[in-house]
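Architecture and fold: a report
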Amino acid sequence: MKRHLKKIILLLGVFLALASGAIVQFLTNWGIARREAADLSPKSLIGFISLIYSLAILSIACFAIYLLVRLLRIGRVERWTSEILEFEPGRAVWAWPIIFLSAALGTYFISATTWINRNSMADGDEVAYLNGAISLRNLGGIAGFPGACLSGRYQHSNRHPLYMLFLSTFAKRSLSFFAQAKIFSLFAGAAAVVITFFVIARSFGPLTAMLTTFLLVLNPAFLNYSSSVACETLLICFFVPWWYFTVRGFKDGKAWVAAGAFAGLAYLTKGTGLFLPICFIFSGLVVRRLKICKDKFFWLFFLAFVIVSSPLLTRNLVLYKNPIYNKALHSVYLWSDSVAERYSSVPGRHSPTIITYLTSHPPWDILQRVARGMGAESRVFLYTIGPTESEPYYIPLSLLFFLLFLVAYIKDSSRNRKITTGTTIIFFFLFFSWYLTRASRFILPLIPIMYAYIALSASGLFRWFLEKKVKKVWALGVFQSFSVLLILLSASIVVPKVRGPDFSNPLKPAEVSQDYLVLASWMKDNINGNLYFKGPDDDWQVEWLSGTSGFERHIPFCSSLAELKEIMNEEGIVYIFITKEIYRTQSFVFAPHFIYNEIEGLEPLSEGPEGWELVFQDPTPPVDYLAYKAE
């Protein structure tokens, strides 16, 4: 009875510490947010998220302390250590690794918080996700989504809806929405860390899982997308289980049903989720040849995929007559010679297809594109796989990581796992070698799996060292020293971040310039449902905040200003926004009519292009944007 009473008192103490600490942290965060954003109230969602954030941090700390207290029983430590180092697939040994998982999550939350605070203004894809979430909210959110798909009212064809559906539950036209959306990505990243830990522990053992999660929470690309309004962290939550259940399905076919469901969730999250069924087919054909077509679970994979992703597949069929339609994976993106060429807004004018591409490019040009693409994608892989982005360390460390990956991959005893992993990585590599956009986000889902192999190499070396070079009597001490070294290394990384200027309340609204807000206000009052040209540069994307009633089109790739005016007339474009980035990227169109210098900014030559009226401009020098109206 006394023994159970001690446990109850200990757990009660942990709970009270958690509750009191969370309340203090919540009140502090809410007070800061209250001063920084007038539209917040005690009942607002930002206050609720602040409480959840505080609870998560304190839960990790208290749980780690609780386990460390239990670890004082040395005999238990010896048993855990022995079981970890002699791990056999199928055995679950969690107590000691959970401590590392807690430490890894603490490191992750602290590191990602500093990244969040450096991301002060929405741009690029973040704007599209914020806009999409607000649009889905206006369509009824999660409850109204199926009906919006069936009726074709949901028309977003580039970014897939699942991430935006989650955001739609608290979407609003306020700078605080941007902060809340980043926090959602942060927690999706934490979920990805936990899922990766347990999946890798089941696949390779707890020691490998410990090292994998340690590497993942330090990866710059992972931290970047965990602190941005982006779907990549949510995608990892589905990609890693898909990989696990696909491998497991070769021995237990029922697992392929789960793999199909996770592939469907990945497809609802991002267009590249469509690659997972393709990789599943290739892997199955390599392992079992055509015999796999006789396996009912092979077909149940696709049934599960279709059922889970049916809302989006139905919408595509209703609206685009193609169940797997996606603008980013459409022919105009795959068969363009440059990124700028993709942004033609006039179908047929600058919209290449596979036929036009093959008939206009000799074989040598195609081979050159493939070679250049593979070289560029290799650099992206090295940059993404590395544990740091700092020069001059990231290249040698990335090469070392890739070498460790190859060693473990070649020596992997599971043929099914090796084929599934290799097929997936090769497919992603070849596709994005052809695809012109080079970004780490496209291959980020592969990183947890590649890190697992890297950790497998490292843990194998560690086991060999203990078995061959260390006496059994000292093995426990060496393992404990190694564990402490990892914890100290983690502390050495996060302590400077806590003491740095970027570690502050992650829920504070974005700090944007007054010029940005002025443009948002002007567009809301003046666009009035008209079509307008703007972008595709990342600066001055204010539509998500202003709620502009017009319809944006990207400034197309043109050979001259006369051609641009012709397109504007054909399309009914009323306004066009010339920005610094547009001037730079299409200087051959705009340089004869505008000048730019760092002091004054953009300035029209004489009275500007004929037929255009200057109706608004950046009010504070240097002028970063000019707004014209077609006469």
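If you're wondering where the values come from, they're calculated on a predicted model, not measured in any experiment.

1. Details of the overall build of the protein
The helix and strand inventory of the protein stands at 27 helices and seven strands. Burial statistics for the protein: of 631 residues in total, 53% are counted as buried. The long-range fraction of contacts in the protein, counting pairs at least 24 apart against all pairs at least 6 apart in sequence, stands at 71%. Of the roughly 28,700 Å² of accessible surface on the protein, a fraction of 64% belongs to carbon and sulfur atoms.

2. Focus on a nonpolar patch on the surface
A surface patch of nonpolar side chains, amounting to about 450 Å² of accessible area, comprises Tyr393, Leu397, Leu400, Leu403 and Val407. Assignment of secondary structure puts leucine 403 in helix α19 (residues 394-411).

3. So, unusual backbone geometry
Following proline 621, the chain continues to proline 622 via a peptide bond in cis, the omega torsion being -5°. Residue position: proline 622 is located in the loop between β6 (612-617) and β7 (625-630). A positive phi angle is found at arginine 289, which is not glycine, with a value near 60°. On the secondary structure map, arginine 289 appears in the loop between α13 (275-288) and α14 (296-308). Backbone geometry at lysine 321 places phi at a positive 60°, although glycine is not the residue there. You can see lysine 321 is positioned in the loop between α15 (310-320) and α16 (331-334). Relative accessible area serves as the criterion here: at 66%, lysine 321 is assigned to the exposed category.

4. Quick notes on the pairing of β7
The two faces of a sheet get side chains in turn, since along a regular strand they alternate between them. Pairing of strand β3 (residues 573-579) with β7 involves five bridges; the strand directions are antiparallel. Across the sheet, residue tyrosine 575 finds its bridge partner in β7, namely lysine 629.

5. Focus: the nonpolar core
Counting residues in each nonpolar core, the largest one holds 143 residues, and the members touching the most others are Tyr108, Phe177, Trp242, Trp243, Trp544 and Phe577. In terms of residue count, the dominant contributor to this core is helix α8 (residues 175-204) (15 residues). Look past the residues within four positions of tryptophan 544 in its chain and what remains in contact with it is Ala122, Val127, Leu130, Asn131, Ile134, Lys172, Arg173, Ser174, Leu175, Phe177, Phe178 and Tyr516. Counting residues in each nonpolar core, the second largest holds 21 residues, with Leu561, Tyr583, Leu602 and Leu626 among its members.

6. Concerning the confidence of the model for the protein
Considering every residue of the protein, the mean pLDDT works out to 78; 74% of them sit at 70 or more. Confidence over residues 63-84 falls short of pLDDT 50; this stretch has 30 contacts with residues more than four positions distant or in other chains. pLDDT under 50 marks residues 87-93. Its contacts with residues more than four places away, or in other chains, come to 13 contacts.

7. Examining α19
An ideal rise of 1.5 Å per residue puts 26 Å on 18 residues; α19 measures up with 26 Å between its terminal C-alpha atoms. Looking only at α19, the buried set comprises Tyr394, Ser398, Phe401, Phe405, Ala408 and Tyr409. Relative to the axis of α19, the buried residues are bounded by an arc of 100° and lie together on one face. Of the exposed residues in α19, the ones pointing more than 90 degrees away from its buried face are Leu403, Ile410 and Lys411.

8. Regarding the packing of aromatic side chains
Here the distance between the centres and the angle between the planes together describe a pair of aromatic rings. Applying the stated rule across the entire model yields 53 aromatic pairs. Look at phenylalanine 239 and phenylalanine 428: their rings are 6.1 Å apart centre to centre, the planes differ by 85°, and that puts the pair in the edge-to-face class. Of this pair, phenylalanine 239 sits in helix α11 (residues 232-249) while phenylalanine 428 sits in helix α20 (residues 415-434), placing them 189 residues apart in sequence. Ring centres 4.3 Å apart and planes at 20° place the aromatic pair tyrosine 320 and tyrosine 325 in the stacked group. Taking the relative accessible area as the measure of exposure, tyrosine 320 reaches 25% and is therefore partly exposed. A residue is classified by how much of its surface remains accessible, and tyrosine 325, at 16% relative accessible area, is buried. Within the aromatic cluster, the residues linked to one another by ring pairs are Phe239, Trp242, Phe275, Phe282, Phe427, Phe428, Phe431, Phe432, Tyr435 and Phe442. Just above the ring of tryptophan 434 sits the side chain of arginine 369; from NZ or CZ to the centre is 4.0 Å. The positively charged end of lysine 565 is found above the aromatic ring belonging to tryptophan 612, 5.9 Å away from the centroid.

9. Describing the side chain of glutamate 543
Tracing the backbone through its elements, the reader meets glutamate 543 in helix α24 (residues 543-546). The exposure class of glutamate 543 is buried, given its relative accessible area of 7%. Side chain to side chain, glutamate 543 and lysine 534 meet in a polar contact 3.3 Å long. If sequence neighbours within four positions are ignored, glutamate 543 has contacts with Asn131, Arg173, Met523, Tyr532, Lys534, Thr548 and Glu552.

10. Things to note about α20
Here α20 contains 20 residues, and its C-alpha end-to-end distance of 29 Å stays within 8% of the 28 Å for a straight helix at 1.5 Å per residue. For α20, the tally of buried residues reaches 16 of 20 residues, placing the bulk of the element in the interior.

11. Some thoughts on the packing of helix α5 (residues 125-138) against α8
As a packed pair, α5 and α8 sit with axes 11 Å apart at the nearest point and diverge in direction by 105°. In terms of orientation, α5 and α8 fall into the roughly perpendicular class. Packed against α5, whose contacting residues are Glu126, Leu130, Ala133 and Ile134, the element α8 presents Phe177, Phe178 and Ala181 at the interface. Class assignment of the residues belonging to the contact of α5 with α8 gives a composition of six nonpolar, no polar and one charged.

12. Overview of the sheet that holds β7
Read from one edge of the open sheet, five strands run β2-β1-β3-β7-β6, paired in mixed fashion. Single-partner strands in this sheet number two, and they are β2 (551-553) and β6. Ignoring which end each strand starts from, the neighbouring axes of this sheet average 30° apart. Across the sheet, helix α23 (residues 514-526) is in contact with β1 (531-533), β3, β6 and β7; its angle to β3 comes to roughly 175°.

13. Here's the deal with the environment of tryptophan 522
You can see tryptophan 522 is positioned in helix α23. Along the backbone, tryptophan 522 and phenylalanine 616 are 94 residues apart, and their C-alpha atoms lie at a distance of 8.3 Å. Dropping the residues within four chain positions of it, tryptophan 522 is found in contact with Ile527, Tyr575, Phe577, Val615, Phe616 and Ala627.

14. Examining the pairing of strand β4 (residues 594-597)
One ladder, built from four bridges, connects β4 with strand β5 (residues 601-604); its direction is antiparallel. Counterpart to tyrosine 596 in the pairing with β5 is leucine 602. In textbook terms, the turn of a hairpin is the stretch between consecutive antiparallel strands, and for β4 and β5 this stretch comprises three residues.

Scoring rules and cut-offs
Residues numbered from 1 in each chain as written. Predicted model: local features only at pLDDT ≥ 70, side-chain atom pairs only at ≥ 80, totals over all residues. Heavy atoms only, no water. Helix = DSSP H or I, 4+ residues; strand = E, 2+ residues; numbered from the N terminus. Buried < 20%, exposed > 50% of the residue type's maximum accessible area, 1.4 Å probe, protein only. Contact = heavy atoms within 4.5 Å. Areas by Shrake-Rupley, 256 points an atom, 1.4 Å probe, with all protein chains shown as cover. Patch = residues over 30% accessible without salt bridge, like charges linked within 9 Å, V, L, I, M, F, W, Y side chains within 5 Å. Salt bridge = Lys/Arg side-chain N within 4 Å of Asp/Glu carboxyl O. Pairing = 2+ DSSP bridges. Core = buried A, V, L, I, M, F, W, Y, C linked by side-chain atoms within 4.5 Å. pLDDT = per-residue confidence, 0-100. Expected span 1.5 Å × (residues − 1). Arc of directions from axis to C-beta. Phe/Tyr/Trp six-rings, centres within 6.5 Å; stacked < 30°, edge-to-face > 60°. Lys NZ or Arg CZ within 6 Å of the ring centre and 35° of its normal. Polar contact = N/O pair within 3.5 Å; in protein donor to acceptor, adjacent residues only side chain to side chain. Axes fitted to C-alpha atoms, helices over the stretch in contact; angles between N-to-C directions. Parallel < 35°, antiparallel > 145°, perpendicular 65-115°, else oblique. Nonpolar A, V, L, I, M, F, W, Y, C, P; charged D, E, K, R; others polar.

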